[in-house]
Amino acid sequence: DCREILLPTMTDQLKYHLERQEDLEACCQLLSNILEVLYKKDVGPTQRHIQIIMEKLLRTVNRTVISMGRDSELIV
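Here is what the cut-offs are and how they apply
Residues numbered from 1 in each chain as written. Predicted model: local features only at pLDDT ≥ 70, side-chain atom pairs only at ≥ 80, totals over all residues. Heavy atoms only, no water. Helix = DSSP H or I, 4+ residues; strand = E, 2+ residues; numbered from the N terminus. Buried < 20%, exposed > 50% of the residue type's maximum accessible area, 1.4 Å probe, protein only. Contact = heavy atoms within 4.5 Å. Areas by Shrake-Rupley, 256 points an atom, 1.4 Å probe, with all protein chains shown as cover. Core = buried A, V, L, I, M, F, W, Y, C linked by side-chain atoms within 4.5 Å. Salt bridge = Lys/Arg side-chain N within 4 Å of Asp/Glu carboxyl O. Expected span 1.5 Å × (residues − 1). Arc of directions from axis to C-beta.

The protein carries the name DOCK1 protein in an unreviewed UniProt entry, which gives Thinocorus orbignyianus as its organism.

A.B. asks: Just to check I follow, could you spell out the overall build of the protein for this structure?
C.D. replies: Per the secondary structure count, the protein includes 3 helices and 0 strands. In the protein, the succession of α and β elements from N to C terminus is α-α-α. For the protein, the spread of C-alpha atoms along the three principal axes comes to 40 × 20 × 20 Å. Out of the 76 residues in the protein, the part that is buried amounts to 24%. Across the protein, contacts joining residues at least 24 apart in sequence account for 62% of those joining residues at least 6 apart. Just so you have it, the protein exposes about 6000 Å², and 55% of that area is on carbon and sulfur atoms.

A.B. asks: Any chance you could explain the nonpolar core here in plain terms?
C.D. replies: What tends to happen in soluble globular proteins is that the nonpolar side chains get buried as a cluster. In this structure, Leu7, Leu14, Leu18, Leu24, Cys27, Leu31, Ile34, Leu38, Ile52, Ile53, Leu57 and Met68 together form the largest nonpolar core, which totals 12 residues. Elements represented by at least two residues in this core include exactly α1 (2-19), α2 (24-39) and α3 (47-68). Broken down by element, the residue count for this core peaks at 5 residues, all from α2. Beyond its immediate chain neighbours, meaning those up to four positions away, leucine 18 contacts Leu24, Cys27, Thr60, Val61 and Thr64.

A.B. asks: How should the pattern of salt bridges be read in this particular structure?
C.D. replies: Between side chains of opposite charge, pairing is possible as soon as their charged atoms come close. Summed over the entire model, instances satisfying the criterion amount to 3 salt bridges. Put simply, glutamate 4 and arginine 48 hold a salt bridge, and the shortest N to O gap is 3.1 Å. Here glutamate 4 is found in helix α1, whereas its partner arginine 48 is found in helix α3, with 44 residues between them in sequence. By relative accessible area, glutamate 4 is classed as partly exposed at 39%. When its relative accessible area of 51% is taken as the criterion, arginine 48 is described as exposed. When the shortest N-O distance is used, the salt bridge between glutamate 19 and arginine 20 registers 3.8 Å. Residue classification places glutamate 19 among the partly exposed residues on the basis of a relative accessible area of 48%. By relative accessible area, which is 42% here, arginine 20 ends up partly exposed.

A.B. asks: I would appreciate a short explanation of α1 in the present structure.
C.D. replies: Side chains three or four residues apart in an α-helix point the same way, a direct result of the helix having 3.6 residues per turn. Under the 1.5 Å per step criterion, the end-to-end length of α1 is 26 Å for 18 residues, consistent within 8% with the ideal 26 Å. Within the sequence span of α1, burial applies to Leu7, Thr11, Leu14 and Leu18. Seen end-on, α1 carries its buried residues on one side only, within an arc spanning 65 degrees. More than 90 degrees from the buried face of α1, the exposed residues found are Cys2 and Ile5.

Written as structure tokens, this is what we have:
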């Protein structure tokens, strides 16, 4: 139930910081942690939550990665 409240707020904040290229390492870590939790089998239905992330962040994440270049420490 708390994901229904927290996920939209977290994705909005991630988008804000990614678009401004602020705290990229923290943004990467937070997004990674969210996706790891949603990947687990015992956390209930996750399809809707993954859809929210895709709709709000996919384009922004792609743009951020492209702008970082291949020599960035955050790209592995």
